[in-house]
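Here is how the chains run, residue by residue.
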Amino acid sequence: MQFIVRKPWDLPESLHTGQEVYRQRGWHRRDFLKVMGLSAIGCTLSAAGGCSKPTDEEIEAAGAVKAKPEIKQLYPAPRDDRFEYGREETAKRDAAEYTNFYEFSPDKDSWMFVSKFQPQPWTIEVDGLCSRPGKFDLDDIHTFSLQERAYRHRCVETWAMCVPWTGFPLGELLKRVEPQPKAKFVQLETFNRPAEASQIRFRPDYPWPYTESLSIQEATNELTFLATGVFGEPLPKQHGAPIRLVVPWKYGFKSIKSIARITLTDQQPATFWNTLVPDEYDMVANVDPAVSHPRWSQKREWMLGTYEQFDTTVYNGYGDFVGKLYRS
Ligand SMILES: Nc1nc2c(c(=O)[nH]1)N[C@H]1C(S)=C(S)[C@@H](COP(=O)(O)O)O[C@H]1N2
Ligand SMILES: [Mo]
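On a predicted model such as this, the values are computed, not experimentally measured, just so you know.

Rules used throughout
- Residues numbered from 1 in each chain as written.
- Chains lettered and ligands numbered in written order.
- Predicted model: local features only at pLDDT ≥ 70, side-chain atom pairs only at ≥ 80, totals over all residues.
- Heavy atoms only, no water.
- Phe/Tyr/Trp six-rings, centres within 6.5 Å; stacked < 30°, edge-to-face > 60°.
- Helix = DSSP H or I, 4+ residues; strand = E, 2+ residues; numbered from the N terminus.
- Buried < 20%, exposed > 50% of the residue type's maximum accessible area, 1.4 Å probe, protein only.
- Lys NZ or Arg CZ within 6 Å of the ring centre and 35° of its normal.
- Near = heavy atom within 4 Å.
- Polar contact = N/O pair within 3.5 Å; in protein donor to acceptor, adjacent residues only side chain to side chain.
- Areas by Shrake-Rupley, 256 points an atom, 1.4 Å probe, with all protein chains shown as cover.
- 1 Å grid on protein atoms, 1.4 Å probe; cavity = no way out; pocket = protein on both sides within 12 Å on 5 of 7 lines; lining within 4 Å.
- Sits in = over half its atoms within 2 Å of the grid points.
- Arc of directions from axis to C-beta.
- Points joined across faces, edges and corners; volume = space filled by probe spheres on them.
- Nonpolar A, V, L, I, M, F, W, Y, C, P; charged D, E, K, R; others polar.
- Salt bridge = Lys/Arg side-chain N within 4 Å of Asp/Glu carboxyl O.
- Pairing = 2+ DSSP bridges.
- Axes fitted to C-alpha atoms, helices over the stretch in contact; angles between N-to-C directions.
- Contact = heavy atoms within 4.5 Å.

Caption draft 1: Here's a closer look at the packing of aromatic side chains. Under the counting rule described, the total for this entry stands at 25 aromatic pairs. Ring centres of Y206 and F272 lie 5.9 Å apart, and the angle between their planes is 80 degrees; this geometry places the pair in the edge-to-face category. Of this pair, Y206 sits in the loop between α7 (198-202) and β6 (211-215) while F272 is found in helix α9 (residues 272-276), placing the two residues 66 residues apart along the sequence. Taken as a pair, Y206 and F272 share a single burial class, namely buried. Among the aromatic residues, those joined into a ring-pair cluster are Y102, Y206, W208, Y210, F253, F272, W273 and Y281. The ring centre of F310 lies 4.0 Å from the NZ or CZ of R87, which sits over that ring. The ring of F144 has R176 lying over it, and the distance from NZ or CZ to the ring centre is 3.7 Å.

Right under this line is the structure:
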């Protein structure tokens, strides 16, 4: 069963993510009525708005976070020129308009639903198997040297983008807390604020907060990046303000947004998507054209904004950096 309000700027059906899978769990009458109600409101609003495509300014204003001057002056950061997309850069508005952030929306349009989200002030708690656990305040990011990296991003739904992230390696943060030798995994956790994120209220059956995990070797690989900015500015809300993970050789769901806690453990931690749909979202989730997802062949991918198509490459093209992690 599928109820999608088709906006005129929507993708063709063939490219659309089937939303039914996200609704298949716990789908009942209350959800049905809610969707019907929202569709009615959506139709009225889009009729009133003349069905126009949102402007760059509307998208920018909706996601903007007002940065303090001492933070703003860190941008843009010097580019690490080891990294190149090998493709055209995605337009900023195309990346900001089409996002996955289930705390706010299951429909890629999270920029429209982030207004209540308060990513400032913000701290990340780092705990577990480390000698110097503690709280890390986002106002102190200047103590890391920020750099810009041009990375490819690949969602398991087959859309892809090329964007420049600003940030620093996750390994740099982990070094500061001094992981103990028995730490084998890193768990990352998003905020859990139902008052600010409506889907946390509407989907009590989902395993909030959103969580992800990496092995300690993956977490400390030089590619694994904590991004605080994109396109030379602090992150807008829908991209995961004020700090999110970027693991470019893995499917996008591993790149957890708006991180509130990082825990070092000796057991493989459960994750949001793997708990919800284990046969579709595995733990390792390395980009691999040879392994199909149950609903999407992974042989090809398409770019946000241009719909240009490419063959998928193993490890999303980052095999030189990470192939060694998976050779036995
Ligand atoms: N907290 C949180 N992080 C998340 C998600 C989410 O729903 N919640 N979606 C993931 C998915 S599926 C993808 S593809 C990327 C998308 O990043 P972008 O929306 O900034 O392009 O974020 C990932 N991080
Ligand atoms: Mo994704």
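Caption draft 2: Quick peek at the site of ligand 1. By nearness alone, 18 residues border ligand 1, and Y102, E103, H239, S255 and K257 come closest of all. A distance of 2.8 Å separates a nitrogen atom of ligand 1 from a polar atom in the side chain of E103. Considered on its own, ligand 1 offers 530 Å² of accessible surface; in the complex 98% of this is hidden by protein. More than half of the atoms of ligand 1 fall within 2 Å of the grid points belonging to the largest cavity.

Caption draft 3: Quick look at helix α6 (residues 170-177). Within α6, burial applies to L170, G171, L173, L174 and V177. Along the axis of α6, the buried residues cluster in a sector spanning 160 degrees; they form a single face. At the exit of α6 stands E178, carrying a positive phi of roughly 55 degrees.

Caption draft 4: Local environment of empty space enclosed by the protein. Under the counting rule described, the total for this entry stands at two cavities of 30 Å³ or more. Around the largest cavity, the lining comprises 25 residues; the ones closest to its centre are N100, Y210, G252, F253 and K257. The volume enclosed by the second largest cavity comes to roughly 200 Å³. I71, P119, Q120, L138 and P242 are, among the 17 residues lining the second largest cavity, the residues nearest its centre. Of the residues in the lining of the second largest cavity, the class split is 13 nonpolar, two polar and two charged.

Caption draft 5: Focus on unusual backbone geometry. The linkage connecting Y75 with the following residue, P76, adopts the cis geometry, with an omega of -10 degrees. By secondary structure assignment, the location of P76 is in the loop between α4 (69-72) and α5 (92-97). Here the bond from Q120 into P121 is cis, since omega is -5 degrees, no more than 30 degrees from zero. Within the element layout of this structure, P121 appears in the loop between α5 and β1 (123-128). Positive phi values are uncommon outside glycine, yet T158 reaches one of about 85 degrees. Locating T158 in the fold gives a position in the loop between β3 (147-154) and β4 (159-169). Although it is not a glycine, E178 adopts a positive phi angle of roughly 55 degrees. Here E178 is to be found in the loop between α6 and β5 (185-190). For E178, a relative accessible area of 39% corresponds to the partly exposed category.

Caption draft 6: Broad picture of the pattern of salt bridges. What the rule picks out here adds up to 24 salt bridges. A salt bridge links E218 to K250; the nearest nitrogen and oxygen atoms lie 2.8 Å apart. Note that E218 is positioned in helix α8 (residues 216-219) and K250 in the loop between β9 (244-246) and β10 (259-265), a separation of 32 residues in sequence. Across the pair, exposure class does not vary: E218 and K250 are buried alike. Through salt bridges that share partners, K53, D56, R93, D94 and E97 make up one connected network.

Caption draft 7: Main features of the sheet that holds β5. Taken together, the five strands give an open sheet; going across it, the order is β2-β1-β10-β5-β6, and neighbouring strands pair in mixed fashion. Two strands in the sheet have a free side with no partner beyond their single neighbour: β2 (134-137) and β6. The average undirected angle you get between the axes of adjacent strands in this sheet is 20 degrees. Pairing between β1 and β10: four bridges, direction parallel. Across the sheet, residue D127 finds its bridge partner in β10, namely T263. Set on the sheet, α6 makes contact with β1, β2, β5 and β10; between it and β10 the angle comes to about 60 degrees.

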